[in-house]
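# Residue-level structure breakdown
The chain contents come next:
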Amino acid sequence: MTQFLQATVAGLSLASIYALLALGFVLIYKSTQVLSFAHPALMVFGAYFVSYFAVTIGLDFWLSLALAMALTALLGAVIERLALRPMVGKPLFSMAILTIGLDIAIRVVVNDLIGLNLRGVGDPWGFSTVKLGDVVIETRVIAMFITAVVVTVALLLFFRYSKVGLAMRATAADQEVALAQGISVHRIFALAWIFGGALAALAGMFTSTGPAGLSPTSWIVALKALPAIVVGGLDSVHGAVVGALIIGLAEGYTSTYQATAMPWLGSNFSQVVPYLVMLIVLLAKPYGLFGTEEVERV
Amino acid sequence: MLEVANLEVVYHDVILVLRGISFTVPEGEIVALLGANGAGKTTVLRAISGLLDVHNGDITKGEIKVDGEPTHKLDPAAIVKRGVVQVMEGRRIFAEFTVEENLRVGAHTAGGNIEATMAGIFDLFPILEERRRQLAGFLSGGEQQMLAMGRALMSKPKYLLLDEPSLGLAPLLVQQIRDVIVEINTRGTGILLVEQNAAMALSIASHGYIMETGKIVMDKPAVELAQDEDVREFYLGLHATGGERKSFRDVKHYKRRKRWLS
Ligand SMILES: Nc1ncnc2c1ncn2[C@@H]1O[C@H](COP(=O)(O)OP(=O)(O)OP(=O)(O)O)[C@@H](O)[C@H]1O
Ligand SMILES: [Mg+2]
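All of the points below concern the structure found in this document. Note that the coordinates shown come from a computational prediction; the quantities given were computed from them, not determined experimentally. (Residues numbered from 1 in each chain as written. Chains lettered and ligands numbered in written order. Predicted model: local features only at pLDDT ≥ 70, side-chain atom pairs only at ≥ 80, totals over all residues. Heavy atoms only, no water.)

### Some points on the site of ligand 1
All names here are of chain B. Near ligand 1 lie 17 residues; those nearest to it are Asn 37, Lys 41, Thr 42, Thr 43 and Gln 196. Separating a nitrogen atom of ligand 1 from a side-chain N or O atom of His 12 is a distance of 3.1 Å. Interatomic distance of 3.4 Å between a side-chain N/O atom of Glu 89 and an oxygen atom of ligand 1. With the chains in place, 70% of the 630 Å² that ligand 1 exposes on its own is no longer accessible. When contributions to the shell around ligand 1 are tallied by element, the ones reaching two or more residues are strand S2 (15–25) and helix H1 (41–49). (Near = heavy atom within 4 Å. Polar contact = N/O pair within 3.5 Å; in protein donor to acceptor, adjacent residues only side chain to side chain. Areas by Shrake-Rupley, 256 points an atom, 1.4 Å probe, with all protein chains shown as cover. Helix = DSSP H or I, 4+ residues; strand = E, 2+ residues; numbered from the N terminus.)

Structure below.
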């Protein structure tokens, strides 16, 4: 039982990070119809700047996080303005490919900055843990989980009650009609990338806490958020969260049990699980669990 | 006053659809814009509300002014803020939103008290208040048309552009929409009414324009248009004599010659 709970905690910690990434991705996809493959880059860009401000310069951690989120949001806005807006009207496929190019370019630069040594982000949680019965939980995992829940609830409320949230949904539903109501669709696009960037930075910071730290391979975490989004269904906020939970937990349980239960699957099998789950879900539900059927796929 | 002067519009850089259209909608009046399918009526409305971009269309000549200020270079958001809003053909409500959310989207540019504006809309369309929390997709066709009009009115426009509001509605509902248009107008909004249902449009408009393949071919006070022999034959389906149907343009040509001769 303890082992099971321990595995669940591990799964939830992964799920929290996937959810933060997936929510930004879904926001962008929902409003602009662009699949942002630039998310790994946004994530490490954000994490690097938290590390730079908090560790290299020695600023307060929370201030560093705020600055890094703002910078990554800005990077998102720049990507939208300079790279994607001139492409409006071009095939969505080209836009998606363009974000892959941007991702690689930005990551090369950021990885160069990160260097070969493991970097910390100067977070206040360190390696401290809390014991709940027999289960040991890292405080950083608690922080991640609470953040993911708060961000999800905030986004749901934002879409439901705020004027801008409603305008984003309207833009997603019918761009021409949104324009006709006086909504500035360009502003909505920029906003989606700003949110997506800020959330990616937050996820990047969390990925870089604890023993993993920030390294030139940190970006791979974002690749596993992709299955979470696809499982949830690309254009649904609920879907992003549910997808993140499914993928995170599946990965958590396999990494705990597979080594003893099915050792013949190899030592890093849990890394493959997200993609496997994605394949299985797609075979049953091609549009994901919560996706809109008309949603175009690239 | 909403003024359109010498407007020329091209789609995809090559398809010339409007060839020098001019007309005006005086403040607080209803003006009808009639014409057969494909004449270019919707294109005129898109040009006014700044929605040509979406369709790869461009204004290549001419001018549009709202109360003296040119607006043809503005984006749709700025045009809505100047008090001109379009209700698109086919209603185009947000089906997955509630009725109230639809109305709130319409208020995007409006400052001030949204609740008060919404109360005014509910006063005009009581059915929308009853259905307030329902998904708009479940409304009937007539109710959806009302919602589309209500949504546009949430921006408190000075000029409302209506694209075939009676399309696909039963006669009784057409009556109802007609009465609502009159009511909106008496509350002080100028209306440009594009219609296939010429009888309905001319019965409430003060002035009417008739378009054919991108040109205005006739323009008269609505009462006179409704009396005009050719309009009666071609747009009201009232045949004075049971002759062959000719193109409206031929008649016009013939009339013009007749005028020259006399
Ligand atoms: N996006 C577009 N690209 C190319 N041509 C277009 C486009 N939209 C409209 N047209 C053409 O422009 C002409 C005028 O179209 P428009 O929709 O303005 O006519 P309409 O008078 O509103 O017709 P209807 O009564 O059928 O609504 C038509 O010949 C149409 O084929
Ligand atoms: Mg039309």
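### What about the coordination of the magnesium ion (ligand 2)?
All names here are of chain B. Distances from the magnesium ion (ligand 2) to its protein donors, Thr 42 (OG1) and Glu 89 (OE), fall within 1.8 to 2.5 Å. Note that Thr 42 is positioned in helix H1 and Glu 89 in the loop between strand S6 (84–87) and helix H3 (99–106), a separation of 47 residues in sequence. For Thr 42, a relative accessible area of 19% translates into the label buried. (Donors = N, O, S within 2.8 Å, 3.2 Å for Na, K, Ca; no water. Buried < 20%, exposed > 50% of the residue type's maximum accessible area, 1.4 Å probe, protein only.)

### Thoughts on the layout of surface pockets
Residue and element names in this part refer to chain A. Computed from the structure, the second largest pocket encloses a volume of approximately 660 Å³. If you go around the second largest pocket, you meet 29 residues; those closest to its centre are Ser 13, Leu 14, Arg 140, Ala 212 and Val 221. When contributions to the lining of the second largest pocket are tallied by element, the ones reaching two or more residues are helix H1 (2–32), strand S2 (135–138), helix H5 (139–161), helix H9 (220–232) and helix H10 (237–261). No other element matches H1, which puts 7 residues into the lining of the second largest pocket. Split into classes, the residues belonging to the lining of the second largest pocket amount to 13 nonpolar, 12 polar and 4 charged. (1 Å grid on protein atoms, 1.4 Å probe; cavity = no way out; pocket = protein on both sides within 12 Å on 5 of 7 lines; lining within 4 Å. Points joined across faces, edges and corners; volume = space filled by probe spheres on them. Nonpolar A, V, L, I, M, F, W, Y, C, P; charged D, E, K, R; others polar.)

### A word on the pairing of strand S10 (residues 215–221) of chain B
Residues and elements named next belong to chain B. Where strand S9 (residues 207–212) meets S10, 6 bridges bridge the pair, whose relative direction is antiparallel. Paired with Met 211 across the strands is Ile 216, a residue of S10. Between S9 and S10, which pair antiparallel one after the other, the connecting turn spans 2 residues, and Thr 213 there sits at a positive phi close to 30 degrees. (Pairing = 2+ DSSP bridges.)

### So, the pattern of salt bridges
Considering all chains together, one arrives at 20 salt bridges over all chains under this definition. Close ionic contact of A:Asp174 with B:Arg92 constitutes a salt bridge, the shortest N to O distance being 3.0 Å. Remark: B:Arg92 occurs in the loop between S6 and H3 and A:Asp174 occurs in the loop between helix H6 (163–173) and helix H7 (175–180); the pair is interchain, linking two chains. Salt-bridge contacts for B:Glu143 lead to B:Arg131; the nearest nitrogen and oxygen are separated by 3.1 Å. (Salt bridge = Lys/Arg side-chain N within 4 Å of Asp/Glu carboxyl O.)

### Brief notes about the interface of chain A and chain B
At the interface, 17 residues of chain A touch 20 residues of chain B. Buried surface at the junction of chain A and chain B, both sides included, amounts to about 1800 Å², of which 64% is carbon and sulfur. On the chain A side of the contact with chain B, A:Leu166, A:Glu176 and A:Gln181 bury the most area, a combined 35% of that side's loss. Linking chain A with chain B are 3 salt bridges. Across the contact surface, chain A and chain B share 5 residue pairs in polar contact (both at pLDDT 80 or more). Those elements that provide at least two residues to the side of chain A that touches chain B are H6 and H7 of chain A. Taken together, the residues of the side of chain A that touches chain B break down into 9 nonpolar, 3 polar and 5 charged. (Contact = heavy atoms within 4.5 Å. Buried area = accessible area lost by both parts, 1.4 Å probe.)

### Here we look at the sheet that holds strand S8 (residues 190–195) of chain B
Residues and elements named next belong to chain B. Reading across the sheet, the 6 strands line up as S6-S7-S8-S3-S9-S10 and stay open at both edges, with mixed pairing between neighbours. Only two strands of the sheet have a single partner each, and these edge strands are S6 and S10. Geometrically, the sheet is characterised by an average inter-axis angle of 15 degrees between neighbouring strands, direction not taken into account. H1 rests against strand S3 (30–35), S6, strand S7 (159–163), S8 and S9 of the sheet, and its axis sits at about 150 degrees to S7. Sitting on the sheet, helix H7 (residues 171–186) is in contact with S3, S7 and S8, with an inclination near 155 degrees to S8. (Axes fitted to C-alpha atoms, helices over the stretch in contact; angles between N-to-C directions.)

### A word on the packing of H1(A) against H10(A)
Residue and element names in this part refer to chain A. Packing of H1 against H10 brings their axes to within 6 Å, and their N-to-C directions diverge by 145 degrees. Considering how the two elements wind past one another, H1 and H10 form a crossing that is right-handed. Considering only residue class, the contact of H1 with H10 consists of 19 nonpolar, 6 polar and 1 charged. (Left-handed = near helix turned anticlockwise from the far one by under 90°.)

### Thoughts on the nonpolar core
The biggest cluster of nonpolar side chains holds 90 residues, and the ones touching the most others in it are A:Leu21, A:Leu23, A:Ile79, A:Leu155, A:Leu202, A:Met205 and A:Phe206. With 12 residues, H1(A) is the largest single contributor of residues to this core. Apart from residues lying up to four places away in sequence, A:Ile79 is in contact with A:Ala38, A:Leu42, A:Leu84, A:Leu102, A:Ile106 and A:Trp193. Within the second largest apolar cluster, 49 residues are counted, among which are B:Val87, B:Ile93, B:Leu169 and B:Phe234. (Core = buried A, V, L, I, M, F, W, Y, C linked by side-chain atoms within 4.5 Å.)

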